[in-house]
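# Structure at a glance
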Amino acid sequence: MQKIIILDFGSQTTQLIGRRVRELDTFCEIMPYNKFPKDDPSVIGVILSGSPYSVHDPEAFKVDLSQFVGKVPVLGICYGAQFISHTLGGKVEKADSREYGRANLETVDTTNPLFKWFEQQSQVWMSHGDTITAIPEGFKVIGSTKDVKNAAFWRDGVWAVQFHPEVYHTLQGKQLLKNFVVDICGSRQEWSAASFVDSTVEELKAQLGNDRVILGLSGGVDSSVAAVLLNRAIGKNLTCIFVDHGMLRKNEFTQVMNDYKVLGLNVIGVDASEKFFSDLAGVTDPEQKRKIIGRDFVEVFNAEAKKITDAKWLAQGTIYPDRIESLNITGKVIKSHHNVGGLPKEMRLQLCEPLKWLFKDEVRRVGCQLGMPEHLITRHPFPGPGLAVRILGDITPEKVRVLQEADDIYIRGLREWGLYDQVWQAGAILLSTVRSVGVMGDERTYEHPVALRAVTSTDAMTADWAHLPYDFLAKVSNEIINKVRGVNRVCYDISSKPPATIEWE
């Protein structure tokens, strides 16, 4: 299958570039700047991302352009454009003032294929401290703003723009990327849910053969879609295990087990809550919580696997944002994900991740293609460690009970008000490390606050807080305080991602 390679130089918006390319029904792979795949005939184009560095910084990321320049079309974005200019003989200097925010392309060469269908003037988004003051010999300027003469330039096979076409504020950014990916690179736009299902089923059959596979179900969209996909590929050789670590939503274990029976999956339910609570006792560090839950999760699996003597594979619903967010190109962990962090090296099962290249909305489309019930496909994402990462501080059964009750009121309210499907993800967070003074029944209380979180997103890489109606928030707040003992204050989180993450831990 054709693919675009996006070389990541550390930009916060690299994943957005990937998302926009996928929206053009074209497969892409985000790779570290120094990991370009050599001699891969499926690569039809290369995009160089932005970066937090200046090209003049000693630690700036660098790549050998000869690996792909002259072989496939290349598009440099922001730092990518500056790196191309700097490397090929142009001049990059520190700008008099940081160029950040909206700008207008006042001169656009609409005869150039990159700007096909563009208006003569178009809003773009700038975000850089350096600027290109001279382009390399042989290049031609094809776009300028009032303050940035060399906003876009090209020579045969190489295009460079100092603005960010991947962000929402660049109004014709999607058109620019389409021009590059489809018209210039020649994408056949063959990446779709249907093609993914067909190709992945065949790949799974070849990869797994007659081996028996154990799949870790969580009740969420990702693992459920992975299960149905694997079931289509290997049928009876798939055994699903749904572990109740005691930190699921209220009544979730029973409800999800019933859903899986309807899907015809072979599912073993395991109540391991006592073990998880015991091992988490007194632990407050978020990373440590995740690693303990990941470790225990695998231990429970291994215990069950001993009963299936010929099991060779552990399948998981890991998706692309999980892997991207867990480790960036500098090697610094942002946060461990349940599916990619905390797995011990001695795990005896090989790992199978059929959804590892998909963004969340793509997973939902695959679920639809597989004919899964809508209520399973539209479920909000839920963290693998469950409510453990929505409780600040140590974990106890009582704290989980309190949060389950508050969360249940919140989620039921979203459904009753017709708001659930308008929100990407929602949940309640128990601030168990904080107490606040309140008055109930003329008596002083000193109990915990609960924070409500709801965000809108398309891929989980960026998210904005959901603007829920005040009347709804007032009703839910009142019901939680009145019905959930241990809570006397409710707040609403209005942070976006970035800089915040969707989960609190």
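Below is a summary of the structure that appears in this document. (Residues numbered from 1 in each chain as written. Predicted model: local features only at pLDDT ≥ 70, side-chain atom pairs only at ≥ 80, totals over all residues. Heavy atoms only, no water.)

## Considering unusual backbone geometry
A cis amide bond links Lys-497 to the next residue, Pro-498, at an omega of -15 degrees. Relative to the helices and strands, Pro-498 resides in the segment after strand 20 (487-492). With an omega of 10 degrees, the peptide bond running from Pro-498 to Pro-499 counts as cis. Among the structural elements, Pro-499 can be located in the segment after strand 20. Despite not being glycine, Asp-25 has its phi angle at roughly 55 degrees, a positive value. Here Asp-25 lies in the loop between helix 1 (14-23) and strand 2 (28-32). Despite not being glycine, Asn-251 has its phi angle at roughly 65 degrees, a positive value. You can see Asn-251 is positioned in the loop between strand 12 (238-244) and helix 6 (252-262). (Helix = DSSP H or I, 4+ residues; strand = E, 2+ residues; numbered from the N terminus.)

## With respect to the environment of Ala-426
Structurally, Ala-426 is set in strand 16 (residues 425-430). By relative accessible area, Ala-426 is classed as buried at 1%. Between the C-alpha atoms of Ala-426 and Ala-466, which are 40 residues apart in sequence, the distance is 9.1 Å. Residues within four places of Ala-426 in sequence aside, it is in contact with Arg-249, His-380, Arg-390, Tyr-410, Ile-411, Leu-414, Arg-453 and Ala-454. (Buried < 20%, exposed > 50% of the residue type's maximum accessible area, 1.4 Å probe, protein only. Contact = heavy atoms within 4.5 Å.)

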